[in-house]
2 protein chains.
Amino acid sequence: MSEARTRAPLAIVSGSGTLPFAVAEAAMKAGRDVVLFAIRRAADTARVAAYRHHWIGIGQLGRLRRLAHAEGCREMVLIGGVVRPPIRDLLLDIEGLRFAWSAARAFGGGDNHLLSSLIAHLEGYGFTIRGAHEIAPEIAVRVGPLGSRVPGPAEKADIARGLAVLAAISPFDVGQGAAVAGNRVIAIEGPEGTDQMLLRIAEMRRTGRLRTPARTGVLVKAPKIGQDRRVDLPSIGPNTIDGAAKAGLAGIAVLSGSSIVAEPERFAEDADRAGIFVVGVGPDGLYE
Amino acid sequence: MSEARTRAPLAIVSGSGTLPFAVAEAAMKAGRDVVLFAIRRAADTARVAAYRHHWIGIGQLGRLRRLAHAEGCREMVLIGGVVRPPIRDLLLDIEGLRFAWSAARAFGGGDNHLLSSLIAHLEGYGFTIRGAHEIAPEIAVRVGPLGSRVPGPAEKADIARGLAVLAAISPFDVGQGAAVAGNRVIAIEGPEGTDQMLLRIAEMRRTGRLRTPARTGVLVKAPKIGQDRRVDLPSIGPNTIDGAAKAGLAGIAVLSGSSIVAEPERFAEDADRAGIFVVGVGPDGLYE
């Protein structure tokens, strides 16, 4: 990486949630200028205002290219949540349209495929795409427990089974999460996302569809195998703790190194307060 | 199969839904007596009353054994839905308790494992467990379309992908259903069941989480690989058509020979009225 490249302001294409700001703060702390390219209807308007920024529609790739070049950006991070908008809201400019056309032709189904195409397209503009966890290593979940609680033997078995089921569905580009309780897979995440999957577990308990005792089971999150780890890493936040607690789970396990959390220390305190464990694990499900 | 065995009245252990009555009618049409062992809180009280029957609690294996022997039953079918009850409602008798104990010791997680243990236990009592589709071949879905609609090329690809993802999760004993739209896996069924999974898809469309055009995508159902096909075969009914239509899917595909439908002709009419296809397919997803 040339010095000119890392001295140039970092372009942060910012979706929803607090992660874009965690990345911005980390970059600025390291002495780097940042420019946020805030995605309309996704990024937090109030928080974006505190940074140098431009608003872009999700289909405006030409606008993104022009503005980021004008700002002198060479490196770019894509971070935060984006819900696929309806075609009519895409505000496609010519370049966005060209991308959408080529992506649709090659479209294999899931998010992973779409994001790979997008990265290749942005690199074609001359930007280097960096992972959020490279720019802000402090947000990458490390191996080991985040709070004071740790999984017991039953939870360790659930974690291993959750990683195994995620590996099995990985080629299908479905989702990055599953929940396992008492060695039984009780949910596999699809496009509904983690929060909705946790709500479903809470509902299954409420209606008696699930009979596992309260405070058993684990939410397991891991990126898809072969996924480009520069975008769409599994992330956890306050919602995840709240959802896992309401779903009656004992804890949360994420693949270390390639899962992210916006404010690790505050997150650990929240987890302790909620009485659930959060642990970064290796691909084998172990953390010791 | 000895003649004495097939002449003896058939014991139909009956859960919820209309399938137990379809099996009873088919057996009676073939000249056989039937006795329903209706599961409390599951079987349809009004319809059960039309047949020779006994009510049993779901944990009362000793009561089932005694009554079925007293009725002279040699063969037994287990059919219809049962939601796992809370332990306190199990009404376990001594033999039920013994089974629950051995099943819990060997318990690997999902329904498949539990049902295999139950079959082995009932066979230990001297009963022969038969599949509902053996007794009533007319309820087994055959290869080919059930109504007048058929899948197009995109739907055929979705069906193949659905069967592939079900095969991939099969070792995890999760569920028997998945939904695929535009080659993208949009839901994998867990303990919530097919109806709830379809509701989830409808909700994802409503909230804009899913953007596939209306009337695309397929619900795919198949038994788990290696599953004992005498119990818990994937079933479809009027609810499935209604749910698939509301989820905006184009149709339903089930593995032929090992999926069941209570009233195939009425079901085909319902599907035509709802404008969706229903097709029985081979393991390769083909039906032609």
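Located above this text is the structure these notes cover.
Enquirer: Explain the nonpolar core to me, please; I cannot follow it from the model alone.
Expert: Here is a general trend for soluble globular proteins: nonpolar side chains tend to be buried in one another's company. Counting 43 residues, the largest nonpolar core has I159(A), I188(A), I159(B) and I188(B) as its most contacted members. Broken down by element, this core gets its largest block of residues, six residues, from helix α8 (residues 153–169) of chain A.

Enquirer: Is there a simple way to think about the pattern of salt bridges in this case?
Expert: A full pass over the atoms with the stated rule returns 26 salt bridges over all chains. In this structure, R130(B) engages E134(B) in a salt bridge whose closest nitrogen and oxygen atoms are separated by 3.4 Å. Looking at R130(B), the relative accessible area reads 15%, which means it is buried. The shortest N-O distance in the salt bridge between R230(B) and D228(B) comes to 2.8 Å. Judged by relative accessible area, which is 23%, R230(B) ranks as partly exposed. What you see here is one network of salt bridges that share partners, running through R32(A), E75(A), R130(A) and E134(A).

Enquirer: It is not clear to me how unusual backbone geometry should be interpreted in this structure. Could you clarify?
Expert: A negative phi angle characterises most non-glycine residues, just as the trans form characterises most peptide bonds. All names here are of chain A. Non-glycine residue D173 carries a positive phi angle of around 55 degrees. Take D173: it is sitting in the loop between α8 and β7 (177–181). Non-glycine residue R215 carries a positive phi angle of around 60 degrees. Secondary-structure assignment places R215 in the loop between α9 (194–206) and β9 (218–221).

Enquirer: Whenever I open this one, the pairing of strand β9 (residues 218–221) of chain B confuses me. Can you help?
Expert: Looking down a regular strand, the side chains alternate between one sheet face and the other. Residue and element names in this part refer to chain B. Judged by which residues are buried, β9 turns out to be covered on both faces: V218 and V220 on one side and L219 and K221 on the other are all buried. With four bridges joining them, β9 and strand β11 (residues 251–255) adopt parallel strand pairing. Bridge pairing in β11 links K221 to V254.

Thresholds applied
All residue numbers here refer to positions counted from 1 along the written sequence of the relevant chain. In the order they appear in the text, chains get letters beginning with A and ligands get numbers beginning with 1. With pLDDT at 70 or above as the cut-off, local features in this predicted model cover only qualifying residues; side-chain atom pairs require 80 or more to be listed or tallied, and sums for whole chains, interfaces and linings still use all residues. Processing note: side-chain calculations cover all non-hydrogen atoms of the structure and skip hydrogens and water entirely. Put simply, buried Ala, Val, Leu, Ile, Met, Phe, Trp, Tyr and Cys residues joined by side-chain atoms within 4.5 Å make one nonpolar core. Burial classification: accessible surface area is computed with a 1.4 Å probe over protein chains only, and a residue below 20% of its type maximum counts as buried, one above 50% as exposed, and the rest as partly exposed. The way it works is that DSSP assigns letters per residue, a run of H or I at least four long becomes a helix, a run of E at least two long becomes a strand, and they are numbered from the N terminus. Here, a salt bridge means any Lys or Arg side-chain nitrogen found within 4 Å of an Asp or Glu carboxyl oxygen. Any two strands are treated as partners once DSSP identifies two or more bridges connecting them.

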